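Each chain is listed here by its residues.
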Amino acid sequence: MNPERDEAIAESLAELTRAVIEHSERHQGATRAALLRRFDERVERGPRRRAWWALVPALGLTAALVVWLQRPSALTYAVSGGGERSGSYVSAPAGQALGVSFSDHTELVVEPNSQLRVEATDQHAPRVALERGSARVHVVHRPQTRWKFMAGPFEVYVTGTRFDFTWDPAREVMDLHLREGSVEIQTPLLASPVVLRAGQRFQADFDAPQYDHGRRRGAAASTRAERQRGQRRTRAERCCRGAAAPARGNSERTAERLASAELAQAGGRWEIPGAAEAR
Amino acid sequence: MPASPLTERPSERLRVARFPPERRGDAQLVADAADGDRAAMGVIWDRYARLVRGVLVGVLGPDSAIEDLMQDVFLALHKGARSMKDKGALRAYLIQTAVRSAAFELRKRKVRRWVGLSPTGDLPEVPAPPLDIESRETLRALYRVLERLSERRRLAFVLRHVQGLEMLEVAAALAISESTTRRELTSARQQLAALVRREPALALYVDRFVAERGAP
């Protein structure tokens, strides 16, 4: 390393560079004229206003990109244990349970002879309909995910929980045994949803599935016979076992009472306070 | 009847000879150019065009974009003149603007090289001085060597050795400390000395130059 020689080499290269610069100065006059022409144009045009509107497409594109990046990606699921999977239907054969594992770690066990349908795999609002039979459910809680399970007219909203779920479409009997967490059950019979806590059980039995004027009424032959015998049961009575049988013939009041009643855990089943007296 | 000073038109009475623009100070020129004074911009060009050209050509070599970049540097002054805190620091302002332009152009070349528009990153049809073959090869070798320096070293070399700026001016133009500037320059000189050995045409020129000057 020789600093003096390095300096001399640098100086020689600088000399060469200066020659190049000097040669390029032949354009000096033309460039000056061009500069002054552009200067005059600018002065004449006045200070350029910032074209904020030109940012609009860029902002729009950015917003679209953000939305696209944050779009809810679909959950995926895999079925284990054999059985039959046809499209979104998962059917467990007799004598064999199936496992359904979702990409958010939610797990379902479809009991033998049961069938469910994965209706939606939206990351924020996935939906599963139990067509028949039983399923054990373990939903992993995610802040922006609201699982929904359906069985006939019942809708069970879940955040994070573990429960067993049965639906018999022939008898129209629904049974939900909540093991952990909480769920919210909506039925067409009740104005407000029923909230279940861990350890509680919800059973519903529609044995006379008829609607009249949009309201569920005992219009089936057996129920008509019962009504004729003066034994017509109210909707609530038919609907929810273990619940109070309130004033007969006043289904709306029954529904409201059921909806507003506080559920109390009693031996793993839910009851409405005062049910015993009513019974 | 002679016109009374009271009846005389104010514009005629107050008209004064303008100070020739070429004798105005930098601060005044900047203020005038900001107000759209064409003559002031012309004088600024006459004063500093060689300096700005030296920075741009020194860093970028003979490039067809130089003339446009020159204009852009001076028009940037017109745009930024009003917000200049020290209007007297015109020279430093123009050097910094030229350095920024040159650095931006170097980055553009790098991108062009990456995207494969040009193998060297240079624009085609570079106007080179009309020299003999040996000198042309020497010039090409010079810019190949400079190309190997980092952006900061290349700028430091041009500002200090080619343009002869003070160490403080170089540091200010590169927005680094004086000691960092010294280190960068030392490294640049060492790197250049090593690179020159790999370019026979350039090495021949350097050896001749060093021998003529009687340097070690």
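Model, not experiment: these values are computed from the prediction.

Draft legend 1. A look at the overall build of chain B. Broken down by element type, chain B carries 10 helices and zero strands. Listing each helix as α and each strand as β along chain B from the N terminus yields α-α-α-α-α-α-α-α-α-α. Counting only residues that meet the buried cut, chain B has 46% of its 216 residues in that class. Of the contacts made within chain B by residues no fewer than 6 positions apart, 59% connect residues no fewer than 24 positions apart. Counting only carbon and sulfur atoms, one obtains 55% of the accessible surface of chain B, whose full area is about 11500 Å².

Draft legend 2. Representation of the packing of helix α1 (residues 3-24) of chain A against helix α9 (residues 178-196) of chain B. As a packed pair, α1(A) and α9(B) sit with axes 9 Å apart at the nearest point and diverge in direction by 75°. Put simply, α1(A) runs roughly perpendicular to α9(B). Packed against α1(A), whose contacting residues are A:Asp6, A:Glu7, A:Ile9, A:Ala10 and A:Leu13, the element α9(B) presents B:Arg189, B:Gln190, B:Leu192, B:Ala193 and B:Val196 at the interface. Among the residues forming the contact of α1(A) with α9(B), the class breakdown is six nonpolar, one polar and three charged.

Draft legend 3. Region of the structure containing the packing of aromatic side chains. Residues and elements named next belong to chain A. One pass over the structure, following the stated rule, counts 10 aromatic pairs over all chains. With centroids separated by 5.5 Å and ring planes inclined at 90°, the aromatic side chains of Phe-149 and Phe-163 adopt a geometry described as edge-to-face. Here Phe-163 lies in strand β10 (residues 161-168) and Phe-149 lies in strand β8 (residues 147-151), a separation of 14 residues in the sequence. For Phe-149, a relative accessible area of 2% corresponds to the buried category. Look at Phe-163 and you get buried, because its relative accessible area is 0%.

Draft legend 4. Representation of the interface of chain B and chain A. Chain B puts 51 residues into the contact, and the matching count from chain A is 35 residues. Where chain B abuts chain A, roughly 4000 Å² becomes buried across the two surfaces, and 67% of that area is made up of carbon and sulfur atoms. Our enumeration of links across chain B and chain A arrives at six salt bridges. Of the charged contacts in the structure, one is a salt bridge between A:Arg38 and B:Asp72, with a shortest N-O distance of 3.1 Å. At the boundary of chain B with chain A, the tally comes to 13 residue pairs in polar contact (both at pLDDT 80 or more). Secondary structure elements with two or more residues in the side of chain B that touches chain A: α3 (38-60), α4 (66-80), α6 (133-148), α7 (151-162), α9 and α10 (200-213) of chain B.

Draft legend 5. Spotlight on unusual backbone geometry. Phi is positive for A:His105, close to 75°, though the residue is something other than glycine. If you trace the backbone, A:His105 turns up in the loop between β4 (98-102) and β5 (107-110). In this structure, B:Ala175 takes a positive phi of about 55° despite not being glycine. Counting through the fold element by element, B:Ala175 comes out in the loop between α8 (167-174) and α9. We classify B:Ala175 as exposed; its relative accessible area is 70%.

Draft legend 6. Local environment of a nonpolar patch on the surface. A cluster of nonpolar side chains, namely A:Trp52, A:Leu55 and A:Leu59, defines an oily patch on the protein surface of about 360 Å² accessible area. For A:Leu55, the location among the structural elements is in helix α3 (residues 55-69).

Draft legend 7. Spatial organisation of the packing of α1(A) against α7(B). It is the contact of α1(A) with α7(B), at a shortest axis distance of 9 Å, that shows an interaxial angle of 85°. Overall, the two elements α1(A) and α7(B) adopt an arrangement that is roughly perpendicular. Every residue of α7(B) that contacts α1(A) at A:Glu7, A:Ala10, A:Glu11, A:Leu13, A:Ala14, A:Thr17, A:Arg18 and A:Ile21 is listed here: B:Phe157, B:His161 and B:Val162. Residues that form the contact of α1(A) with α7(B) fall into these classes: six nonpolar, two polar and three charged.

Draft legend 8. Structural view of the environment of A:His138. Residue and element names in this part refer to chain A. By the secondary structure assignment, His-138 is in strand β7 (residues 127-139). Those residues in contact with His-138, other than ones at most four positions away along the chain, are His-105, Thr-106, Glu-107, Thr-161 and Arg-162. A distance of 3.5 Å separates the side chain of His-138 from the side chain of Arg-162, its partner in a polar contact.

Draft legend 9. Looking closely at the side chain of B:Ser101. Summarising the element assignment, B:Ser101 is placed in helix α5 (residues 90-114). The contacts of B:Ser101, once residues within four sequence positions are left out, are B:Leu56 and B:Val73.

Draft legend 10. Region of interest: the confidence of the model for chain A. With 69% of its residues at a pLDDT of 70 or more, chain A has an overall mean of 72. A low-confidence stretch, residues 208-279 of chain A (pLDDT under 50), is modelled with 123 contacts involving residues beyond four sequence positions or located in other chains.

Draft legend 11. A look at α4(B). Here α4(B) is 15 residues long and its end C-alpha atoms lie 21 Å apart, about the 21 Å a rise of 1.5 Å per residue gives. Burial of α4(B) is extensive: 11 of the 15 residues sit out of reach of the surface. Three or more residues of α4(B) are buried, namely B:Ile66, B:Glu67, B:Leu69, B:Met70, B:Gln71, B:Val73, B:Phe74, B:Leu75, B:Leu77, B:His78 and B:Gly80. Packed against the buried residues of α4(B) are α1 and α2 (28-45) of chain A together with α2 (26-34), α3 and α5 of chain B.

Draft legend 12. Structural context of the pattern of salt bridges. All names here are of chain B. Going through the model one piece at a time under the given rule, you end up with 34 salt bridges over all chains. Arg-153 is the salt-bridge partner of Glu-184, the closest N and O atoms lying 3.1 Å from each other. In this pair, Glu-184 is assigned in helix α9 and Arg-153 in helix α7, connecting sequence segments 31 residues apart. For Glu-184, a relative accessible area of 12% puts it in the buried group. For Arg-153, a relative accessible area of 24% puts it in the partly exposed group. Measuring nitrogen to oxygen at the nearest pair gives 2.9 Å for the salt bridge that ties Glu-178 to Arg-182. Of this pair, Glu-178 and Arg-182 both sit in helix α9, separated by four residues, roughly a single helical turn. For Arg-182, a relative accessible area of 43% gives the class partly exposed.

Thresholds, definitions, all that
- Residues numbered from 1 in each chain as written.
- Chains lettered and ligands numbered in written order.
- Predicted model: local features only at pLDDT ≥ 70, side-chain atom pairs only at ≥ 80, totals over all residues.
- Heavy atoms only, no water.
- Helix = DSSP H or I, 4+ residues; strand = E, 2+ residues; numbered from the N terminus.
- Buried < 20%, exposed > 50% of the residue type's maximum accessible area, 1.4 Å probe, protein only.
- Contact = heavy atoms within 4.5 Å.
- Areas by Shrake-Rupley, 256 points an atom, 1.4 Å probe, with all protein chains shown as cover.
- Axes fitted to C-alpha atoms, helices over the stretch in contact; angles between N-to-C directions.
- Parallel < 35°, antiparallel > 145°, perpendicular 65-115°, else oblique.
- Nonpolar A, V, L, I, M, F, W, Y, C, P; charged D, E, K, R; others polar.
- Phe/Tyr/Trp six-rings, centres within 6.5 Å; stacked < 30°, edge-to-face > 60°.
- Buried area = accessible area lost by both parts, 1.4 Å probe.
- Salt bridge = Lys/Arg side-chain N within 4 Å of Asp/Glu carboxyl O.
- Polar contact = N/O pair within 3.5 Å; in protein donor to acceptor, adjacent residues only side chain to side chain.
- Patch = residues over 30% accessible without salt bridge, like charges linked within 9 Å, V, L, I, M, F, W, Y side chains within 5 Å.
- pLDDT = per-residue confidence, 0-100.
- Expected span 1.5 Å × (residues − 1).

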